[in-house]
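Each chain is listed here by its residues.
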Amino acid sequence: MSLTETEAGSVVRPAERRRGRNRPATRSRLARRRRRAGVLLSLPALALVVGLIGVPVGQAVYYSMTQWNGLTTTWIGPSTYTALVKDPVFWRVVENNALLLLAVPVAIGIPLVIAALLNEHVLGWRFFRSVYFMPTAISWVVIGMFALQFFSATGVLNGLLAHLGFGSSATDMLAGEHSALAALAITFIWSMVGTNTIIFLTGMATLDPTLVEAARVDGLSRIKIFFRVTLPLLTRFIQFSFVITVISAFSALFSLIFVMTSGGPGYGTTTLEFFIYQSGFQQVQLGTAALYGVVLFVIMAIAGLVQLRLIKPDDGGGW
Amino acid sequence: MAPIQLRRKSTKWGLLPIMAIVAVVMLYPFWYIVDNAFRSQGQFDRQAGHSLSGWRQLFASLPVGGQLLNSTVVCVAAIAIILIVSTTAGFAFAKLRYRGSGMIFLLVVSALMVPLQSILFPEFVNLANVHLTSSYAGAVLVYAALGTPFATFLMATYYRGISDELIEAAVMDGLGYERTFLQIAIPLSLPAIATITVLQFIQIWDDLLVGLFFLPTSQRTITAGLATLSTGRTTSVPALMAGSLISAIPAIVVYLIFQRHLVKGLTLGMGK
């Protein structure tokens, strides 16, 4: 049905078109209608984004310089930012974000190896690809539910350690500040495997196979080919996955923290995004929440600008 | 040549165990959840025996059916809005460019960088002030706004791949811009529309933050319901596993059927 319509529409009638083009009145009328249609069609998206994202960003910047409890607002001024920099809690929270960055190379390195293995196209590689990518479909809440059981004192991890003869090293990882953050980071790494593997597989599919072939003829080993040929050619894809991973680490872990640790113990797993929730929702200091929100936004904007440079908006050939 | 071929074959078989181990690591949580959903707390502690006790407790402490319905309603409504505004805007930005349309396109797409956490409370207060947080409406609008930047980027990219000639010819044939969009551009962009639908379905279905903040308790989504159940800490582990299972199934089914579209959306713009 739709196909025949498409074909009908694509039938070019040169005579008519030329006549239309040559008549200036028709052309300017068409141009006007075209412009009006363009404005009209782009308006809903613009309104939605400006109203529900743009305006609140402006408000967040304003409220970040106030004391705000949702009802009354007291103006303080830009000094909130200088006070923030002197606040040890802020640096404790930023430290958690910085420590989470340590997980990023692992969250990229493991998928890189997995993608290289899949790219060998061994028996059943399509099946394995589906399996590796599957966690991408489930929510952080469900992942957190499992992780909670996995890392608990009587959980899977300690059971496994005891089974392997390391029973004495049994720990409740979620009870210590740094070990809880480590548990969070491990869960995060596991969750990123699917996404990053797919990005690297896509990248490897674009590589020129003759380059690898030439390297093989030159007698380079598999490992050397990977490091000297494949990896350098994947730079853009690695950068892309780096940005995605950082963005996820800083702005997608709310649900995981909510389910696994609620930010604790102490400030152990309170990242910027979770502190926004805590200061706003639990302490009703919405000004502070907005302040942290602006800090997070600035970090994300920098990451986002890098990302926009990496994807090519003019590329319709990906389909 | 022959010996090289032989060597390659053997190393490939050697990779199989490694891939199987990785598969176990990736699949184990799913198995764990399924296995322990069908136990009582006692059976869970002993790790022996199965029963439906966890499910009974889940249904007693969580309105599962209602929350699944809430998730569905919110997903369908938000995706409908996203599709309408992103196809129209994508078409305009790609094919009906006007003075300043490039800037507006950048403005819409750059909203991608704003994490909801950053604007959480201003957003909430705004929507509460116009009484949109007491129904589905507030959450639907927030999801729609969050999904629109990427969807618009995707549609604009897709429409750029369609030749200008085709669109112009249709307009010249008297279809007008509106009908050219509806009868030619939309049917041609069904693959991109499918990608957006699948991507957004999984994103919205799996989301906690919006569901937790912008919906009244009675209209919570299943993901938000499950998360609040866990913070109660009074619920048995099998009940939580049962809840995890039932909330994950729709997203997994969609993933298994439409995997290809999901991959496409994730890696768009990354191709050669």
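Provided above is the structure to which this section pertains.
Residues numbered from 1 in each chain as written. Chains lettered and ligands numbered in written order. Predicted model: local features only at pLDDT ≥ 70, side-chain atom pairs only at ≥ 80, totals over all residues. Heavy atoms only, no water.

Visitor: Before we go on, may I ask you to explain the overall build of chain B in this structure?
Guide: A tally of helices and strands in chain B yields 12 helices and 0 strands. Along its sequence from the N terminus, chain B presents helices and strands in the succession α-α-α-α-α-α-α-α-α-α-α-α. Compactness check: chain B gives a C-alpha radius of gyration of 24 Å against a globular reference of 19 Å for 272 residues, more than 25% above the reference. Each principal axis of the C-alpha distribution contributes one length, and for chain B these read about 75 × 75 × 30 Å. (Helix = DSSP H or I, 4+ residues; strand = E, 2+ residues; numbered from the N terminus. Rg over C-alpha atoms; globule rule 2.2 N^0.38 Å.)

Visitor: Would you mind going over the interface of chain B and chain A with me for this structure?
Guide: Accessible area lost during the coming together of the parts is what is often quoted as the interface size. With 111 residues of chain B at the contact, the number on the chain A side is 101 residues. The junction of chain B with chain A conceals about 9,900 Å² of combined surface from both sides, 75% of it contributed by carbon and sulfur atoms. Counting across the chain B and chain A interface gives 0 salt bridges. The interface formed by chain B and chain A includes 14 residue pairs in polar contact (both at pLDDT 80 or more). The dominant element in the side of chain B that touches chain A, judged by the number of residues it contributes, is helix α1 (residues 2–37) of chain B, at 19 residues. Taken together, the residues that form the side of chain B that touches chain A break down as 78 nonpolar, 20 polar and 13 charged. (Contact = heavy atoms within 4.5 Å. Buried area = accessible area lost by both parts, 1.4 Å probe. Salt bridge = Lys/Arg side-chain N within 4 Å of Asp/Glu carboxyl O. Polar contact = N/O pair within 3.5 Å; in protein donor to acceptor, adjacent residues only side chain to side chain. Nonpolar A, V, L, I, M, F, W, Y, C, P; charged D, E, K, R; others polar.)

Visitor: How should the nonpolar core be read in this particular structure?
Guide: In summary, soluble globular proteins display a tendency toward joint burial of nonpolar side chains. Residues Tyr132(A), Phe258(A), Met260(A) and Phe214(B) are the most contacted members of the largest nonpolar core, which totals 190 residues. If you tally residues by element for this core, the top one is helix α10 (residues 177–205) of chain A, at 14 residues. For Met260(A), the contacting residues outside a window of four places in its chain are Gly144(A), Ala147(A), Leu148(A), Phe151(A), Leu174(A), Ala183(A), Leu184(A) and Thr187(A). (Core = buried A, V, L, I, M, F, W, Y, C linked by side-chain atoms within 4.5 Å. Buried < 20%, exposed > 50% of the residue type's maximum accessible area, 1.4 Å probe, protein only.)

Coordinates in, geometry out; function isn't part of it.
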